[in-house]
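Structural characterization, general
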Amino acid sequence: ARAYDCLSDAVFMLEAKRYGRVPNASYYAVFDALNALLRIHDTFAKTHKGAKASFNDLFIKTSRFPQEANEWLEECFQLRQSGDYDFTQEVTAEQ
């Protein structure tokens, strides 16, 4: 439910052309979905870094997900970081 709520928020902000907040909501949609996936496999992460490491160990290294999924996750994280903390660069609709 949390992932869906964040995704809905991201879509709403995108449609409202509030691009600066879209990466945050999008990332948390992915992060919450990732945590749900980890919980299904009895794995619990307390940090973003821990969740990414567990995902890598359980799903990338075992080829359940392609390497591109890990790269995409990192790109989402970096976009969120930029959107939240880099006040010198604006997020665009294309990003």
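For the structure itself, consult the block above.
What comes next concerns the included structure.

Parameters at a glance
Residues numbered from 1 in each chain as written. Predicted model: local features only at pLDDT ≥ 70, side-chain atom pairs only at ≥ 80, totals over all residues. Heavy atoms only, no water. Helix = DSSP H or I, 4+ residues; strand = E, 2+ residues; numbered from the N terminus. Buried < 20%, exposed > 50% of the residue type's maximum accessible area, 1.4 Å probe, protein only. Phe/Tyr/Trp six-rings, centres within 6.5 Å; stacked < 30°, edge-to-face > 60°. Lys NZ or Arg CZ within 6 Å of the ring centre and 35° of its normal. Polar contact = N/O pair within 3.5 Å; in protein donor to acceptor, adjacent residues only side chain to side chain. Contact = heavy atoms within 4.5 Å. Expected span 1.5 Å × (residues − 1). Arc of directions from axis to C-beta. Salt bridge = Lys/Arg side-chain N within 4 Å of Asp/Glu carboxyl O.

So, about the environment of glutamate 74. Structurally, glutamate 74 is set in helix H4 (residues 67-85). Relative accessible area serves as the criterion here: at 32%, glutamate 74 is assigned to the partly exposed category. In this structure, the C-alpha to C-alpha distance between glutamate 74 and tyrosine 27, residues 47 residues apart in sequence, is 9.7 Å.

Scanning the entire structure with this criterion turns up seven aromatic pairs. Judged by centre distance (6.1 Å) and plane angle (85 degrees), the rings of tyrosine 28 and phenylalanine 31 are edge-to-face. In this pair, tyrosine 28 and phenylalanine 31 are both assigned in helix H2 (residues 22-40), three residues apart and thus about one turn of the helix distant. Exposure remark for tyrosine 28: the relative accessible area of 24% places this residue in the partly exposed category. Each member of the aromatic cluster is reached from another via a ring pair, and the members are Tyr27, Tyr28, Phe31 and Phe77. It is lysine 52 that lies over the ring of phenylalanine 77; its NZ or CZ is 3.9 Å from the centre.

Time to look at unusual backbone geometry. Phi at lysine 17 takes a positive value of approximately 60 degrees, unusual for a residue other than glycine. Mapped onto the elements, lysine 17 comes out in the loop between helix H1 (2-15) and H2. Since its relative accessible area comes to 60%, lysine 17 is described here as exposed. Positive phi is not limited to glycine here, since serine 63 has a value of about 65 degrees.

Our next topic: the side chain of asparagine 70. In this fold, asparagine 70 is placed in helix H4. A relative accessible area of 19% places asparagine 70 in the buried class. In terms of polar contacts, asparagine 70 uses its side chain to reach the side chain of asparagine 56, at 3.3 Å. Among residues more than four places away in sequence, those in contact with asparagine 70 are Phe55, Asn56 and Ile60.

So, about H1. The terminal C-alpha atoms of H1 lie 20 Å apart, and with 14 residues this matches the ideal 20 Å at 1.5 Å per residue to within 8%. Within H1, the full set of buried residues consists of Ala3, Cys6, Ala10 and Met13. Looking down the long axis of H1, one finds its buried residues gathered within 90 degrees of arc, a one-sided arrangement. What points out from H1, more than 90 degrees from its buried face, is the exposed set Tyr4, Phe12 and Glu15. In this structure, the buried side of H1 is in contact with H2.

Applying the stated criterion across every chain, the model contains five salt bridges. Between aspartate 32 and arginine 2 there is a salt bridge, with its nearest N and O atoms 3.8 Å apart. In this pair, aspartate 32 sits in helix H2 while arginine 2 sits in helix H1, placing the two residues 30 residues apart along the sequence. Between glutamate 74 and lysine 52 there is a salt bridge, with the nearest N and O atoms lying 2.9 Å from each other.

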